[in-house]
Amino acid sequence: MLTKQISIFVENRAGRLAEIAKLLAENDINLRSLSVADTSRFGVLRIIVDDPDSVEQILRKKGLAVSLTSVLSVKMDDRPGGLAEVLKVLADNNINVEYMYAFQASNNEAYVIMRVDNDLAAQDVLVKAGYKGYCKF
Amino acid sequence: MAFFNKHEETMSSDEMSSLQTERLKKTVRRAYENVMPYRAKMDAAGVKPEDIKSVDDLAKLPFTTKQDLRDNYPYGMNAVPMSDVVRIHASSGTSGKQTVVTYTQRDLDVWAECVARVLACAGATKDDIVQVCYGYSMFTGGLGAHYGAEKLGCSVIPASTGNTARQILMMQDFGTTVLCCTPSYAIYLYEHMRDNNISMNSVNLKYGIFGAEPWSDNMRTQIENFLNLTATDIYGLSEICGPGVAFSCQTHKDLHVNEDHFIVEVVDPVTGLRQPDGVPGEVCFTCINKEAMPLIRYNTRDISALHRGKCDCGRTLIRMDRITGRSDDMLIIRGVNVFPSQIESVLLSSGNVDPRYLIIVDRQGTLDQMEIKVEINSSQFTDQIRGLQALENSIKAELDSALNISAKITLVEPGTIERSVGKTKHVIDNRRLD
Ligand SMILES: [Zn+2]
């Protein structure tokens, strides 16, 4: 259920995200999911890829400021209220979600990527509650 | 603690001042008799060589500036005929003509001794293998370190600059124990080894002699940890001879000046009067043991302060602080004096080992605005926006208190601030003062 996410520091200027997307494509990096958080001056591009360690090395050598973060990838039940239930499990166990974003795997299953304040504890309680992670990247 | 020349390096202050006086008197007379620009300057100031009776009388003599060297390009400051000159170096001027420096054979021997003192103080002996990664060219770094290491009896590898992979291969194959390069290249070497998974155990470095650019104590500890060696700061400038004018010892406090060859003074940038010990000002050197080009009160525009007294290492040589800035680099923003080096030291203390930054000064209406762009590096970057905002805010708060004026901080991606070879251009001043 725990997955490594790569975060990239991106200046907030026109065309910069496109340049980074091109760099990823040129290096045959297949994005499973991504999200961008930004302010008026800079942002953080967060991506999920198949082989985070080697992609991190590639991006670092290209001179980007990057870091690896441990996040949760949780399979969502495909019905209304599915996300609310996951969040309730975490809230009941005093685990805070810092941010989250969703993605859909090739088999149409929906997943949510979450960064929480205690990833190991979160994994424990979600597994106990019967949730599954997406580990076959 | 090892000395190359224990007698001179540990002289009493009385002995030193009588040696300096004797050499100074001779130098001033030779300059007056052989260097026409000096004769003209002294005549204009109404000073005769016989008026110089002690080191204190140096204050009667006019300063020499880089402009004097340019005006008398290339050989006008020489005190000997070209038949006695055996070496010519030149320094790259950022503006205008380069400045030329000449040496007799005896000058080269004295210079080599100055550098040998630095190496011996660092811990090197004739058993060491020294790799010199300074440029071998018109720049004094390469040949200066080279002859100094030979003087001490070391085995010298004249590697010069460039080709980092080959530099590392030489360190591994030739068993390099002493590395001579710029502090930023030392960090670059480390990063290259780390990124290419080359183990630090594959090299056998013991000592590093780093100079030719300003660096902080913080950066020294980082380099020592990264490369697993002890680092020594070597200071010099080509106009005076090159590297070896001053050097740090194992106490890492400040720099010992080879004052039996170079008298150092620190003067107020505005009045030109000597500052009391401990008070920063412009550093001036007088070459009292140089034949070819004996500069008198050469104003380096480097900012430092002097300290006297015996050091824990045993040396009695006068000490100067690490250079904390240049009077030419000084910016006046909203009436406050700001040195780029102050900004650099704040960035260093924020955990940035090799800060790359650009100061942009502008005027909006009548008010000066200062923006500092800082390249973020991976070690400072966390995944969170609020972590980045906190980093910006903490740099801003520290700068505000160090400079007494407020600056806007902008984090930018690595590699986006333009580098020029050797020096990074740190300031863009867009103010139109008309
Ligand atoms: Zn000392």
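Residues numbered from 1 in each chain as written. Chains lettered and ligands numbered in written order. Predicted model: local features only at pLDDT ≥ 70, side-chain atom pairs only at ≥ 80, totals over all residues. Heavy atoms only, no water.

**Student:** Describe the coordination of the zinc ion, with residues and values.
**Tutor:** Residue and element names in this part refer to chain B. Summarising the metal site, the zinc ion is bound by the protein donors Cys249 (SG), His256 (NE2), Cys311 (SG) and Cys313 (SG), whose distances to it range over 2.1 to 2.3 Å. Around the zinc ion, the four donor atoms are arranged such that angles at the metal cover 105 to 114 degrees; this shape is classified as tetrahedral. On the primary sequence, the residues serving as donors to the zinc ion are separated as C-x6-H-x54-C-x1-C. A relative accessible area of 0% means that Cys249 is categorised as buried. On the accessibility criterion, His256 (0% relative accessible area) is buried. (Donors = N, O, S within 2.8 Å, 3.2 Å for Na, K, Ca; no water. Tetrahedral: all angles 85-135°; square planar, octahedral: opposite > 155°, others 65-115°. Buried < 20%, exposed > 50% of the residue type's maximum accessible area, 1.4 Å probe, protein only.)

**Student:** Give a description of the pattern of salt bridges that names residues and reports values.
**Tutor:** All names here are of chain B. The full count for this structure, using the stated rule, is 38 salt bridges over all chains. Taking the shortest distance from any N to any O, the salt bridge between Lys66 and Glu239 comes out at 2.7 Å. Of this pair, Lys66 sits in helix H4 (residues 66-71) while Glu239 is found in the loop between strand E7 (230-237) and strand E8 (242-248), placing the two residues 173 residues apart along the sequence. A relative accessible area of 27% means that Lys66 is categorised as partly exposed. Of the charged contacts in the structure, one is a salt bridge between Asp368 and Arg431, with a shortest N-O distance of 3.0 Å. Of this pair, Asp368 sits in strand E19 (residues 367-375) while Arg431 is found in the segment after strand E21 (427-429), placing the two residues 63 residues apart along the sequence. Residue classification places Asp368 among the buried residues on the basis of a relative accessible area of 5%. Accessibility expressed as a relative area gives 10% for Arg431, which makes it buried. (Salt bridge = Lys/Arg side-chain N within 4 Å of Asp/Glu carboxyl O. Helix = DSSP H or I, 4+ residues; strand = E, 2+ residues; numbered from the N terminus.)

**Student:** Could you give an account of the sheet that holds E21(B), with specific residues and numbers?
**Tutor:** Residues and elements named next belong to chain B. Taken in spatial order, the four strands make up an open sheet running E20-E19-E18-E21, and their pairing is mixed. Each edge of the sheet is formed by a strand with only one pairing partner; in this case those strands are strand E20 (408-412) and E21. Averaged over all pairs of adjacent strands, the angle between their axes in this sheet comes to 20 degrees, without regard to strand direction. Pairing between strand E18 (residues 357-364) and E19: eight bridges, direction antiparallel. When the bridges of E19 are listed, Tyr357 appears paired with Val374. (Pairing = 2+ DSSP bridges. Axes fitted to C-alpha atoms, helices over the stretch in contact; angles between N-to-C directions.)

**Student:** An account of the nonpolar core is requested, with residue identities and associated values reported.
**Tutor:** Residue and element names in this part refer to chain B. Counting 74 residues, the largest nonpolar core has Tyr235, Ile240, Phe285, Leu295 and Met320 as the members making the most contacts within it. Tallying contributions element by element places helix H5 (residues 105-122) first for this core, with eleven residues. In this structure, Val346, Val374, Ile385 and Ala407 belong to the second largest nonpolar core, which totals 30 residues. (Core = buried A, V, L, I, M, F, W, Y, C linked by side-chain atoms within 4.5 Å.)

**Student:** Go over empty space enclosed by the protein with me, naming the residues and quoting the values.
**Tutor:** All names here are of chain B. Throughout the structure, instances matching the rule amount to four cavities of 30 Å³ or more. There is about 70 Å³ of room inside the largest cavity. With three residues, the top contributor of residues to the lining of the largest cavity is H5. Looking at the lining of the largest cavity residue by residue, the classes come out as six nonpolar, two polar and two charged. (1 Å grid on protein atoms, 1.4 Å probe; cavity = no way out; pocket = protein on both sides within 12 Å on 5 of 7 lines; lining within 4 Å. Points joined across faces, edges and corners; volume = space filled by probe spheres on them. Nonpolar A, V, L, I, M, F, W, Y, C, P; charged D, E, K, R; others polar.)

**Student:** Tell me about unusual backbone geometry, residues and numbers included.
**Tutor:** Residues and elements named next belong to chain B. Looking along the chain, the bond that leaves Tyr73 and enters Pro74 is cis, with omega of -5 degrees. Note on placement: Pro74 falls in the loop between H4 and strand E1 (87-91). Located in the positive-phi region is Ser160, a residue other than glycine, with phi close to 60 degrees. Tracing the sequence through the fold places Ser160 in the loop between strand E4 (155-157) and helix H7 (164-174).

**Student:** Describe the sheet that holds strand E13 (residues 306-307) of chain B, listing the residues and the values that go with them.
**Tutor:** All names here are of chain B. Strand order in the open sheet formed by nine strands is E4-E3-E5-E6-E7-E8-E9-E14-E13, with mixed pairing between adjacent strands. The strands lining the two open edges of the sheet, one partner per strand, are E4 and E13. Across five bridges, strand E6 (residues 207-211) lies against E7 in parallel orientation. Paired with Tyr207 across the strands is Thr230, a residue of E7. In this fold H7 packs onto strand E3 (129-132), E4 and strand E5 (178-181), with an angle of close to 170 degrees to the strand it touches most, E3. Running at roughly 120 degrees to E5, helix H8 (residues 183-195) makes contact with E5 and E6 of the sheet. (Contact = heavy atoms within 4.5 Å.)

**Student:** Kindly report on the packing of helix H10 (residues 340-349) of chain B against helix H11 (residues 385-403) of chain B, identifying the contributing residues and their values.
**Tutor:** For any two helices packed against each other, the geometry comes down to the angle between their axes and how far apart the axes lie. All names here are of chain B. At a closest axis distance of 10 Å, the pairing of H10 and H11 adopts a crossing angle of 140 degrees. H11 is crossed by H10, and the crossing has right-handed handedness. On H11, the residues that touch Gln342, Ile343, Val346, Leu347 and Ser349 of H10 are Ile395, Glu398, Leu399, Ala402 and Leu403. Taken together, the residues of the contact of H10 with H11 break down into seven nonpolar, two polar and one charged. (Left-handed = near helix turned anticlockwise from the far one by under 90°.)

**Student:** Go over the confidence of the model for chain B, please, and point to the residues and values.
**Tutor:** When the pLDDT values of chain B are averaged, the result is 91; 96% of them are 70 or greater. This prediction of the complex comes with two scores: 0.67 for pTM and 0.81 for ipTM. (pLDDT = per-residue confidence, 0-100.)

**Student:** Provide a residue-level description of the interface of chain B and chain A, including the pertinent values.
**Tutor:** It is common to give the size of an interface as the accessible area that goes away when the parts come together. The partner chain A presents 27 residues to the 21 residues of chain B that form the contact. A buried area of about 1,800 Å², summed over both sides, lies between chain B and chain A, and 54% of it is on carbon and sulfur atoms. Ranking the residues of chain B by area buried against chain A places Phe381(B), Asp383(B) and Glu413(B) at the top, with a combined share of 37%. The interface formed by chain B and chain A includes four salt bridges. Here Asp383(B) makes a salt bridge to Arg46(A), at a shortest N to O gap of 2.7 Å. Across the chain B-chain A interface, the total number found is eleven residue pairs in polar contact (both at pLDDT 80 or more). (Buried area = accessible area lost by both parts, 1.4 Å probe. Polar contact = N/O pair within 3.5 Å; in protein donor to acceptor, adjacent residues only side chain to side chain.)

**Student:** So, the layout of surface pockets: which residues are in play, and what are the values?
**Tutor:** Residues and elements named next belong to chain B. Taken as a whole, the second largest pocket encloses approximately 500 Å³ of empty space. Looking at the second largest pocket, it is lined by 26 residues, and the ones nearest its centre are Gln20, Val55, Glu259, Arg308 and Ile318. Of all the secondary structure elements, the ones that give two or more residues to the lining of the second largest pocket are helix H2 (13-34) and strand E10 (262-267). When residues in the lining of the second largest pocket are grouped by element, the largest group, six residues, is from H2.

**Student:** Please give an account of the packing of aromatic side chains that cites residues and values.
**Tutor:** Under the definition given, this model contains eight aromatic pairs over all chains. Here Tyr134(B) and Phe139(B) contribute two aromatic rings whose centre-to-centre distance is 6.4 Å and whose plane-to-plane angle is 65 degrees, an arrangement assigned as edge-to-face. The class for Tyr134(B) is buried, based on a relative accessible area of 5%. Using a relative accessible area of 36% as the deciding quantity, one classes Phe139(B) as partly exposed. Members of the aromatic cluster, joined through ring pairs, are Phe9(A), Phe42(A) and Phe381(B). A cation over a ring is seen here: Arg46(A) above Tyr99(A), with NZ or CZ 3.6 Å from the ring centre. A cation over an aromatic ring shows up here: Arg322(B) above the ring of Trp215(B), its NZ or CZ 5.1 Å from the ring centre. (Phe/Tyr/Trp six-rings, centres within 6.5 Å; stacked < 30°, edge-to-face > 60°. Lys NZ or Arg CZ within 6 Å of the ring centre and 35° of its normal.)

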